[in-house]
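# Secondary and tertiary structure notes
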Amino acid sequence: MAGVTDTPGPTVDVLVVDDDPVVRFGLTMMLRGAPDLRVVAEAGDGAEAIELAGRHAPHVVLMDIRMPGTDGLTATEALRRRPGAPQVVVLTTFDADEHVLRALRAGAAGFLLKDTPPDELVLAVRHAAQGRPVLSPEVTRRLIDHVAGSTQDSTRNAARHRLGLLADRERAVALELGAGRSNAEIAARHHISVATVKTHVSAILTKLDLNNRVQVALLVHDAGISPPA
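Definitions and limits used
- Residues numbered from 1 in each chain as written.
- Predicted model: local features only at pLDDT ≥ 70, side-chain atom pairs only at ≥ 80, totals over all residues.
- Heavy atoms only, no water.
- Helix = DSSP H or I, 4+ residues; strand = E, 2+ residues; numbered from the N terminus.
- Polar contact = N/O pair within 3.5 Å; in protein donor to acceptor, adjacent residues only side chain to side chain.
- Contact = heavy atoms within 4.5 Å.
- Core = buried A, V, L, I, M, F, W, Y, C linked by side-chain atoms within 4.5 Å.
- Buried < 20%, exposed > 50% of the residue type's maximum accessible area, 1.4 Å probe, protein only.
- Salt bridge = Lys/Arg side-chain N within 4 Å of Asp/Glu carboxyl O.
- Axes fitted to C-alpha atoms, helices over the stretch in contact; angles between N-to-C directions.
- Parallel < 35°, antiparallel > 145°, perpendicular 65-115°, else oblique.
- Left-handed = near helix turned anticlockwise from the far one by under 90°.
- Nonpolar A, V, L, I, M, F, W, Y, C, P; charged D, E, K, R; others polar.
- Pairing = 2+ DSSP bridges.

## A word on the side chain of D64
The residue D64 is located in strand β3 (residues 60-64) in this model. In terms of polar contacts, D64 uses its side chain to reach the side chain of K114, at 3.1 Å. The residues contacting D64, other than those within four sequence positions of it, are V17, D18, D19, G72, L91 and K114.

## Re the nonpolar core
Ranked by internal contacts, the top residues of the largest apolar core, which has 25 residues, are L15, V17, V61, M63, V90 and L104. Contributing elements (two or more residues each) for this core: β1 (12-17), β2 (37-43), α2 (46-56), β3, α3 (72-80), β4 (87-92), α4 (98-105) and α11 (213-222). With 4 residues, the single largest contributor to this core is α4. In contact with V61, not counting residues within four places along its chain, are L15, V17, L79, P86, Q87, V88 and V89. By size, the runner-up hydrophobic cluster in this structure holds 21 residues, among which are L166, V173, L205 and L208.

## Quick look at the pattern of salt bridges
The full count for this structure, using the stated rule, is 10 salt bridges. Put simply, E51 and R55 hold a salt bridge, and the shortest N to O gap is 2.5 Å. Taken together, the residues E51 and R55, both in helix α2 and 4 residues apart, mark about one turn of the helix. Of the residues examined, R55 reaches a relative accessible area of 55% and is grouped as exposed. In this structure, R105 engages D222 in a salt bridge whose closest nitrogen and oxygen atoms are separated by 2.9 Å. With a gap of 117 residues between them, R105 in helix α4 and D222 in helix α11 connect regions that are remote in the sequence. Accessibility expressed as a relative area gives 36% for R105, which makes it partly exposed. We classify D222 as buried; its relative accessible area is 13%.

## Examining the environment of V220
By the secondary structure assignment, V220 is in helix α11. We classify V220 as buried; its relative accessible area is 1%. Considering only alpha carbons, one finds V220 and A159, 61 residues apart in sequence, at a separation of 7.2 Å. The contact partners of V220, leaving out residues within four places of it in the chain, are L163, A174, L175, G178 and I225.

## With respect to the packing of α2 against α3
The geometry of α2 relative to α3 is characterised by a closest axis approach of 8 Å and an angle of 20° between their N-to-C directions. As the angle between them shows, α2 and α3 are arranged roughly parallel. With respect to the hand of their crossing, α2 and α3 are arranged in right-handed fashion. Contacts between α2 and α3 involve G46, I50 and A53 from the first element and A75, A78 and L79 from the second. Along the lines of polarity and charge, the residues of the contact of α2 with α3 split into 5 nonpolar, 1 polar and no charged.

## Focus on the environment of P68
The residue P68 is located in the loop between β3 and α3 in this model. A sequence separation of 49 residues divides P68 from D19, and the C-alpha atoms of the two residues are 7.6 Å apart. If we ignore the near neighbours within four places in the chain, the residues touching P68 are D19 and D45.

## Re the sheet that holds strand β5 (residues 110-113)
As summarised here, the arrangement of the 5 strands in space is β2-β1-β3-β4-β5, forming an open sheet in which the pairing is parallel. Sheet topology places β2 and β5 at the edges, where each strand pairs with a single neighbour. Going across the sheet, the axis of each strand differs from the next one's by a mean of 25°, ignoring polarity. Inspection of the sheet shows β4 paired to β5 by 4 bridges, in the parallel sense. Considered in β5, the bridge of V90 is made with F111. Most of the contacts of α2 go to β2, to which it runs at about 140°, and overall it touches β1, β2 and β3.

Right, dumping it as C-alpha coordinates:
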(Lines give C-alpha, C1' and ligand atoms only; values in the text may rest on other atoms or scores of the structure.)
Protein backbone atom coordinates (compact mmCIF):
# COMPACT_ATOMS: atom_id res chain seq x y z
CA MET A 1 0.00 0.00 0.00
CA ALA A 2 3.04 2.21 -0.35
CA GLY A 3 2.71 5.49 -2.14
CA VAL A 4 -0.93 6.12 -1.14
CA THR A 5 -1.70 9.09 1.02
CA ASP A 6 -3.02 8.48 4.54
CA THR A 7 -4.55 11.94 4.72
CA PRO A 8 -8.18 11.79 5.88
CA GLY A 9 -10.70 12.52 3.15
CA PRO A 10 -14.50 12.39 2.93
CA THR A 11 -16.29 10.39 5.61
CA VAL A 12 -16.18 6.65 4.97
CA ASP A 13 -19.12 4.59 6.26
CA VAL A 14 -18.09 1.16 7.54
CA LEU A 15 -20.02 -2.00 8.39
CA VAL A 16 -18.22 -4.31 10.84
CA VAL A 17 -19.05 -8.03 10.55
CA ASP A 18 -17.84 -10.66 13.04
CA ASP A 19 -19.59 -13.31 15.09
CA ASP A 20 -17.51 -12.44 18.17
CA PRO A 21 -18.96 -9.37 19.91
CA VAL A 22 -15.61 -8.67 21.59
CA VAL A 23 -13.88 -8.53 18.21
CA ARG A 24 -16.65 -6.30 16.82
CA PHE A 25 -16.27 -3.95 19.78
CA GLY A 26 -12.50 -3.76 19.35
CA LEU A 27 -12.70 -3.08 15.62
CA THR A 28 -15.40 -0.46 16.11
CA MET A 29 -13.39 1.37 18.79
CA MET A 30 -10.30 1.42 16.58
CA LEU A 31 -12.21 2.80 13.60
CA ARG A 32 -14.01 5.43 15.65
CA GLY A 33 -10.63 6.86 16.59
CA ALA A 34 -10.31 8.20 13.03
CA PRO A 35 -12.24 11.42 12.28
CA ASP A 36 -13.09 10.39 8.71
CA LEU A 37 -14.41 6.88 9.48
CA ARG A 38 -17.94 6.18 10.73
CA VAL A 39 -19.16 2.75 11.82
CA VAL A 40 -22.78 2.71 10.66
CA ALA A 41 -23.66 -0.81 11.83
CA GLU A 42 -22.35 -4.09 13.22
CA ALA A 43 -23.42 -7.59 12.13
CA GLY A 44 -22.91 -10.99 13.74
CA ASP A 45 -23.17 -13.13 10.61
CA GLY A 46 -23.27 -12.96 6.82
CA ALA A 47 -27.05 -12.85 6.50
CA GLU A 48 -27.29 -9.89 8.87
CA ALA A 49 -24.41 -8.23 7.00
CA ILE A 50 -26.28 -8.47 3.69
CA GLU A 51 -29.43 -7.03 5.27
CA LEU A 52 -27.61 -4.18 7.02
CA ALA A 53 -25.56 -3.33 3.94
CA GLY A 54 -28.80 -2.85 2.03
CA ARG A 55 -30.13 -0.59 4.76
CA HIS A 56 -27.05 1.54 5.47
CA ALA A 57 -25.15 1.46 2.12
CA PRO A 58 -21.66 1.39 3.67
CA HIS A 59 -18.62 2.26 1.58
CA VAL A 60 -16.53 -0.50 3.17
CA VAL A 61 -17.43 -3.78 4.88
CA LEU A 62 -14.96 -5.47 7.24
CA MET A 63 -16.01 -9.11 6.84
CA ASP A 64 -15.06 -12.05 9.03
CA ILE A 65 -14.76 -15.29 7.05
CA ARG A 66 -15.71 -18.02 9.48
CA MET A 67 -19.15 -17.41 10.97
CA PRO A 68 -22.10 -19.68 11.74
CA GLY A 69 -25.02 -19.63 9.31
CA THR A 70 -24.20 -17.50 6.30
CA ASP A 71 -20.41 -17.23 6.26
CA GLY A 72 -18.36 -14.26 5.16
CA LEU A 73 -17.49 -15.77 1.77
CA THR A 74 -21.12 -16.21 0.79
CA ALA A 75 -21.92 -12.72 2.03
CA THR A 76 -18.98 -11.22 0.12
CA GLU A 77 -20.10 -12.85 -3.11
CA ALA A 78 -23.65 -11.60 -2.59
CA LEU A 79 -22.58 -8.05 -1.78
CA ARG A 80 -20.14 -7.74 -4.68
CA ARG A 81 -22.86 -8.75 -7.16
CA ARG A 82 -24.99 -5.76 -6.17
CA PRO A 83 -25.05 -2.49 -8.14
CA GLY A 84 -22.95 0.07 -6.30
CA ALA A 85 -21.40 -2.71 -4.24
CA PRO A 86 -19.41 -1.77 -1.14
CA GLN A 87 -15.73 -2.58 -0.98
CA VAL A 88 -15.21 -5.70 1.14
CA VAL A 89 -12.10 -6.35 3.21
CA VAL A 90 -12.05 -9.85 4.65
CA LEU A 91 -10.77 -10.49 8.17
CA THR A 92 -8.82 -13.62 9.01
CA THR A 93 -6.45 -15.08 11.57
CA PHE A 94 -4.41 -16.63 8.74
CA ASP A 95 -2.24 -14.86 6.15
CA ALA A 96 -2.35 -17.68 3.57
CA ASP A 97 -5.85 -19.06 3.64
CA GLU A 98 -7.56 -20.62 0.61
CA HIS A 99 -10.82 -19.04 1.79
CA VAL A 100 -9.18 -15.64 1.35
CA LEU A 101 -8.45 -16.54 -2.27
CA ARG A 102 -12.13 -17.29 -2.86
CA ALA A 103 -13.06 -13.92 -1.37
CA LEU A 104 -10.53 -12.13 -3.59
CA ARG A 105 -11.86 -13.91 -6.66
CA ALA A 106 -15.33 -12.70 -5.67
CA GLY A 107 -14.06 -9.12 -5.77
CA ALA A 108 -12.96 -8.39 -2.21
CA ALA A 109 -10.53 -5.48 -2.02
CA GLY A 110 -8.12 -7.51 0.11
CA PHE A 111 -7.71 -8.89 3.58
CA LEU A 112 -6.52 -7.93 7.03
CA LEU A 113 -5.31 -10.05 9.90
CA LYS A 114 -7.42 -9.62 13.01
CA ASP A 115 -4.39 -8.43 14.96
CA THR A 116 -3.67 -5.61 12.50
CA PRO A 117 -2.49 -2.49 14.43
CA PRO A 118 -5.09 0.31 14.66
CA ASP A 119 -3.23 2.77 12.41
CA GLU A 120 -2.82 0.13 9.69
CA LEU A 121 -6.49 -0.85 9.99
CA VAL A 122 -7.60 2.76 9.52
CA LEU A 123 -5.29 3.23 6.53
CA ALA A 124 -6.50 -0.02 4.96
CA VAL A 125 -10.15 1.06 5.24
CA ARG A 126 -9.29 4.38 3.58
CA HIS A 127 -7.50 2.56 0.76
CA ALA A 128 -10.42 0.19 0.24
CA ALA A 129 -12.85 3.11 0.09
CA GLN A 130 -10.70 4.55 -2.70
CA GLY A 131 -10.93 1.28 -4.61
CA ARG A 132 -7.29 0.42 -3.92
CA PRO A 133 -6.25 -3.15 -3.06
CA VAL A 134 -5.55 -3.83 0.60
CA LEU A 135 -2.65 -6.10 -0.25
CA SER A 136 1.05 -5.41 -0.48
CA PRO A 137 2.95 -6.89 -3.45
CA GLU A 138 4.59 -9.35 -1.03
CA VAL A 139 1.24 -10.59 0.24
CA THR A 140 -0.08 -10.90 -3.31
CA ARG A 141 2.87 -13.09 -4.24
CA ARG A 142 2.42 -15.26 -1.14
CA LEU A 143 -1.26 -15.78 -1.86
CA ILE A 144 -0.54 -16.79 -5.44
CA ASP A 145 2.28 -19.11 -4.34
CA HIS A 146 -0.07 -20.68 -1.79
CA VAL A 147 -2.14 -22.28 -4.51
CA ALA A 148 0.76 -23.04 -6.87
CA GLY A 149 0.38 -26.42 -8.53
CA SER A 150 -3.37 -26.60 -7.97
CA THR A 151 -4.45 -25.33 -11.39
CA GLN A 152 -6.41 -27.77 -13.51
CA ASP A 153 -5.99 -27.91 -17.31
CA SER A 154 -9.47 -26.53 -17.94
CA THR A 155 -8.89 -23.63 -15.58
CA ARG A 156 -5.51 -22.89 -17.13
CA ASN A 157 -6.86 -22.97 -20.66
CA ALA A 158 -9.81 -20.75 -19.78
CA ALA A 159 -7.49 -18.23 -18.10
CA ARG A 160 -5.14 -18.18 -21.07
CA HIS A 161 -8.07 -17.64 -23.40
CA ARG A 162 -9.20 -14.62 -21.38
CA LEU A 163 -5.70 -13.13 -21.33
CA GLY A 164 -5.64 -13.61 -25.09
CA LEU A 165 -8.41 -11.02 -25.35
CA LEU A 166 -5.91 -8.33 -24.36
CA ALA A 167 -3.71 -6.26 -26.64
CA ASP A 168 0.01 -6.98 -26.37
CA ARG A 169 0.80 -4.04 -24.07
CA GLU A 170 -2.26 -4.76 -21.92
CA ARG A 171 -1.16 -8.37 -21.56
CA ALA A 172 2.32 -7.23 -20.55
CA VAL A 173 0.82 -5.00 -17.88
CA ALA A 174 -1.42 -7.86 -16.71
CA LEU A 175 1.64 -10.05 -16.19
CA GLU A 176 3.26 -7.28 -14.17
CA LEU A 177 0.14 -7.17 -12.00
CA GLY A 178 0.60 -10.90 -11.58
CA ALA A 179 3.95 -10.13 -9.99
CA GLY A 180 2.26 -7.73 -7.58
CA ARG A 181 3.98 -4.65 -8.95
CA SER A 182 2.67 -1.13 -8.41
CA ASN A 183 1.75 1.29 -11.18
CA ALA A 184 4.99 3.21 -10.62
CA GLU A 185 7.07 0.04 -10.87
CA ILE A 186 5.32 -1.02 -14.07
CA ALA A 187 5.78 2.42 -15.59
CA ALA A 188 9.51 2.38 -14.86
CA ARG A 189 10.00 -1.14 -16.22
CA HIS A 190 8.18 -0.38 -19.49
CA HIS A 191 9.34 3.24 -19.89
CA ILE A 192 5.80 4.63 -19.92
CA SER A 193 3.95 7.08 -17.70
CA VAL A 194 1.96 6.10 -14.62
CA ALA A 195 -1.10 7.60 -16.31
CA THR A 196 -0.60 5.23 -19.25
CA VAL A 197 -0.33 2.29 -16.87
CA LYS A 198 -3.61 3.32 -15.21
CA THR A 199 -5.23 3.46 -18.65
CA HIS A 200 -4.02 -0.05 -19.45
CA VAL A 201 -5.20 -1.36 -16.06
CA SER A 202 -8.67 0.14 -16.62
CA ALA A 203 -8.83 -1.46 -20.06
CA ILE A 204 -7.76 -4.83 -18.64
CA LEU A 205 -10.43 -4.74 -15.93
CA THR A 206 -13.09 -3.78 -18.47
CA LYS A 207 -12.14 -6.38 -21.09
CA LEU A 208 -11.83 -9.19 -18.55
CA ASP A 209 -14.88 -8.11 -16.50
CA LEU A 210 -12.88 -8.00 -13.28
CA ASN A 211 -13.20 -5.74 -10.23
CA ASN A 212 -9.61 -5.11 -9.24
CA ARG A 213 -5.93 -5.82 -9.92
CA VAL A 214 -5.78 -8.67 -7.40
CA GLN A 215 -8.24 -10.61 -9.57
CA VAL A 216 -5.96 -9.96 -12.55
CA ALA A 217 -3.01 -11.38 -10.61
CA LEU A 218 -5.01 -14.49 -9.76
CA LEU A 219 -6.02 -14.91 -13.41
CA VAL A 220 -2.36 -14.76 -14.45
CA HIS A 221 -1.66 -17.46 -11.88
CA ASP A 222 -4.54 -19.59 -13.16
CA ALA A 223 -3.08 -19.29 -16.66
CA GLY A 224 0.14 -20.84 -15.38
CA ILE A 225 2.21 -17.96 -16.70
CA SER A 226 5.25 -16.96 -14.69
CA PRO A 227 5.25 -13.20 -14.04
CA PRO A 228 8.30 -11.36 -15.45
CA ALA A 229 11.32 -11.27 -13.16
